[in-house]
Amino acid sequence: MTATASPLRRSFLPQSNEHAHANGNGNAYSNGDNDDHLHKPWIVQKFGGTSIGKFIETITGTIVQSYLPTNRVVVVCSARSSESKSLGTTNRLLKAAASALVPGSIDFIETVQDIRLDHLNAAHQYISDPDILKRVQEEVNQDCDRLKAFLEAAQVTQKMLYLPRSKDIIMAVGERLSCRIVAGLLEDRGVETQFVSLENVIDAVFDLNCLDQNFYDYLSRAFAAAVSKCGHRVPVVTGFFGFVPGSLLKSIGRGYTDLAAALIAVGLDAEELQVWKEVDGIFTADPRKVKDARLLNIITPEEASELTYYGSEVIHPFTMEQVIRAQIPIRIKNVMNPSGSGTIIFPDQPSGVCTPNGRNTPPPSSEVLLKNGYQLDLSRRHPTAVTIKDNVWVLNIHSNRKSVSHGFFAQIFSTLDRYGIAVDLISTSEVHISMALGGNVNEAEMEKAMESLRSIGTVDVMKEMAILSLVGKQMKNMVGISGRMFNTLAKANINIEMISQGASEINISCVILEKQAIQAMNVIHGELLSNVGHLNEAHY
Ligand SMILES: Nc1ncnc2c1ncn2[C@@H]1O[C@H](COP(=O)(O)OP(=O)(O)OP(=O)(O)O)[C@@H](O)[C@H]1O
Ligand SMILES: N[C@@H](CC(=O)O)C(=O)O
């Protein structure tokens, strides 16, 4: 594995070491000569829950350690999932919160016990030093005892559980426990670490109604300050951070650890943000569904954002903007293949402008660009990837013509807003509107919204639909791409329910039946992405 050093040098002086962990043998392992170490550039590594569940030995034994000779490393952990995300700790914690809402239910006690045993067993399985193991087990027991007491108290008061902040308190335990195990295992392997919780890092008096850039800037400074206190120790940081106005779950949503890592990278002006997954990087299509999908070595932040919003959620959508505006490259890497180069997300427009911290990331070399399907002017003369988002509903509303068009749209959107319903795609005429509502529509809220919308027109809904999106930053410079896309679907007998192409032309999307989505993705990939050599040249 390679780790490159940056010419940039920053210093964050060590302060208190409250939660610092020394090597269990009493021989504090030094992460290199302390003074030298403090001048190395930062790398922020984020590990997802299933990676921590299944590959903790590779993470702590190989991945983190291989960067220590050249970098200061920050390890950011999501909650552990021993099998799949659906059975992971965060989901179980949310289940416990729901169970505590039911008066008299004791299911949550069993769930907390399962979570406790899962982490105690992991510690026992991987940590060999008896002192480190004992300490980690105590920490796990303490966190689980507190959680149980909180849920019991909340069940009595009930009201407390409805507070968004209570769910956050419960959910935060997942990242705490995960960090305990990762820090313990790193210590066991001779790396000095420090557990850093971001749970209370946001000043309680910070009063904001919306999460704007000022708030994110504040967060990156606060996170960097918390991490900098670790000195030469490797900070093992909870991906959970709080308390966010409106609650982390509501305002940021699941997958918040990516954003925590991104903000830490910004605050530290890191050399690179690494997001470690169980895939080699971002592919031209979901590699589980399209066997010819190719790894994209380079992708622009705009393309990565579109893919993320429309089904290929390799990275949390809020992450990109924060890191890229600070000109920090994001690399997606595979825990099962640490020496692979992964996918690098970088802006294709060299800004020529230095950021306040002095960075002006140069574009990759022409050799790298050509190898990755780019021209020397950083354009790519074919679409970049295809993605599907399933579990989509289509909502059609036909005006009863009692209001003029602008009032018609205003009423629709204020109704959807009232019921918290997000719209992914939209297609309109003067009196008709079709909207694709992406994933996880709340059926009860939808019923209420439809009831209200019936006062302005006829309403019908189609379920089990999917959005198919062809993404490529340079598609706007190509003639005939949408024609080929829809022709290909027609030839495969795939009916199109709705079409949308944004003004940026980075994404051409259509809505089709969910049961045809994988077939559709495969035929589009075969025609427009498999053999890019045969595609027509762009017309400028
Ligand atoms: N274009 C794409 N490129 C790569 N992966 C994709 C793409 N579209 C969808 N995926 C899917 O995204 C998933 C990303 O990998 P992984 O399983 O590590 O993430 P995850 O489920 O988000 O877990 P975690 O939060 O633990 O990182 C893979 O399962 C992959 O099949
Ligand atoms: N553990 C949280 C956060 C994360 O994975 O980033 C989740 O499952 O959503």
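Look up: the structure comes first, before these words.
Bear in mind that the values here come from a model prediction, so they are computed numbers and not experimental data. Position numbers for residues start from 1 in each chain and track the written sequence from start to end. Lettering of chains starts at A and numbering of ligands starts at 1, both following the order in which they are written. Given that the model is predicted, a residue must reach a pLDDT of at least 70 before its local features are reported, and side-chain atom pairs must reach 80 or more before they are shown or counted; all residues, however, enter totals for whole chains, interfaces and linings. As a rule here, side-chain values come from all non-hydrogen atoms in the structure, and water together with hydrogens is ignored.

Engineer: Where do I start with helix H17 (residues 517-529) in this structure?
Structural biologist: Since one α-helical turn is 3.6 residues long, residues separated by three or four positions face the same way. Note on exposure labels: buried denotes an accessible area under 20% of the residue type's maximum, exposed denotes more than 50%, and partly exposed covers the range between, all computed with a 1.4 Å probe on protein chains only. Labels follow the DSSP assignment, with helices taken as runs of H or I lasting at least four residues and strands as runs of E lasting at least two, numbered in each case from the N terminus. Burial in H17 covers these residues: Ala517, Ala520, Met521, Ile524, His525, Leu528 and Leu529. Projected onto a plane normal to the axis of H17, the buried residues spread over an arc of 130° and lie on a single side. Throughout, a residue-residue contact means that at least one pair of heavy atoms, one from each residue, lies within 4.5 Å. On its buried face, H17 is in contact with strand S10 (385-399), strand S13 (457-471), helix H16 (481-491) and strand S15 (507-513). In this description, one arc is meant: the one made by directions from the helix axis to the C-beta atoms.

Engineer: Looking at this structure, how should I read the packing of aromatic side chains?
Structural biologist: When we look at a pair of aromatic rings, we describe it by the centre distance and by the angle of the planes. A pair of aromatic rings is counted whenever rings of Phe, Tyr or Trp (Trp by its six-membered ring) have centres within 6.5 Å, and the orientation is called stacked for planes under 30 degrees apart, edge-to-face for over 60 and tilted otherwise. This structure, assessed with the given rule, holds 6 aromatic pairs. With a centroid separation of 6.3 Å and 50° between ring planes, the pair formed by Phe215 and Tyr216 is classed as tilted. Three or more aromatic residues link up through ring pairs in this structure, and these residues are Phe215, Tyr216 and Tyr218. Lysine and arginine charges are scored as sitting over a ring when NZ or CZ, respectively, is within 6 Å of the ring centre and within 35 degrees of the ring normal. Across the ring face of Phe195, the terminal group of Arg180 is positioned such that the distance to the ring centre comes to 4.0 Å.

Engineer: Quick question: what am I supposed to make of the pattern of salt bridges here?
Structural biologist: Any two side chains of opposite charge can pair if their charged atoms end up close together. Any Lys or Arg side-chain nitrogen found within 4 Å of a carboxyl oxygen on Asp or Glu counts as a salt bridge. Following the criterion strictly, the structure yields 25 salt bridges and no others. Residue Arg116 is joined to Asp145 by a salt bridge in which the shortest nitrogen-to-oxygen separation is 2.9 Å. Residue Arg116 is found in helix H4 (residues 107-126), and its partner Asp145 is found in helix H5 (residues 130-157); the two are separated by 29 residues along the sequence. With a relative accessible area of 43%, Asp145 lands in the partly exposed category. The salt bridge partner of Lys134 is Glu138, with a shortest N-O separation of 3.5 Å. Of this pair, Lys134 and Glu138 both sit in helix H5, 4 residues apart, which is roughly one turn of the helix. Its relative accessible area of 52% is what places Lys134 among the exposed residues. Judged by relative accessible area, Glu138 falls into the partly exposed class, the value being 44%. Through salt bridges with shared partners, a single network forms among Arg135, Glu139, Asp143, Arg176, Arg180 and Glu199.

Engineer: Where do I start with the environment of Ile63 in this structure?
Structural biologist: The residue Ile63 is located in helix H2 (residues 49-67) in this model. Expressed as a C-alpha distance, the spacing of Ile63 and Thr458, which sit 395 residues apart in the sequence, is 57 Å.

Engineer: Help me understand the sheet that holds S13, please; the structure alone is not making it clear to me.
Structural biologist: The pairing criterion is simple: DSSP has to find at least two bridges between the two strands. Here we have 6 strands laid out as an open sheet, ordered S11-S12-S10-S13-S15-S14, and antiparallel in their pairing. What marks the edges here is a single partner per strand, and that holds for strand S11 (425-428) and strand S14 (498-501). Each strand axis lies, on average, 25° off the axis of its neighbour in the sheet, ignoring direction. Here S11 pairs with strand S12 (residues 432-437) via 4 bridges, running antiparallel. Bridge assignment links Leu425 to a residue of S12, and that residue is Ala436. Between N-to-C directions, angles cover 0 to 180 degrees, with each direction set by a line fitted to C-alpha atoms, over the stretch in contact for helices.

Engineer: Sorry, what's going on with the site of ligand 1 here?
Structural biologist: Here a residue is near a molecule or strand as soon as one of its heavy atoms is found within 4 Å of it. In the neighbourhood of ligand 1, 16 residues make up the surrounding shell, with Glu278, Phe283, Asp286, Arg288 and Ser312 lying closest. With respect to ligand 1, the backbone of Glu278 contributes an N or O atom lying 2.8 Å from an oxygen atom. Measuring from a nitrogen atom of ligand 1, one finds a backbone N or O atom of Phe283 at 2.9 Å. Every accessible area reported is derived by Shrake-Rupley at a probe size of 1.4 Å, with residue values counting cover from the shown protein chains alone. When ligand 1 is considered free in solution it has 630 Å² of accessible area, and contact with the protein chains removes 85% of it. In terms of residue class, the shell around ligand 1 is built from 6 nonpolar, 5 polar and 5 charged. In the analysis that follows, any N or O atom pair within 3.5 Å is treated as a polar contact, provided that within protein one partner can donate a hydrogen and the other can accept it, and provided that, for residues neighboring in sequence, both atoms belong to side chains. The residue classification treats Ala, Val, Leu, Ile, Met, Phe, Trp, Tyr, Cys and Pro as nonpolar and Asp, Glu, Lys and Arg as charged. All others, Gly included, are polar.

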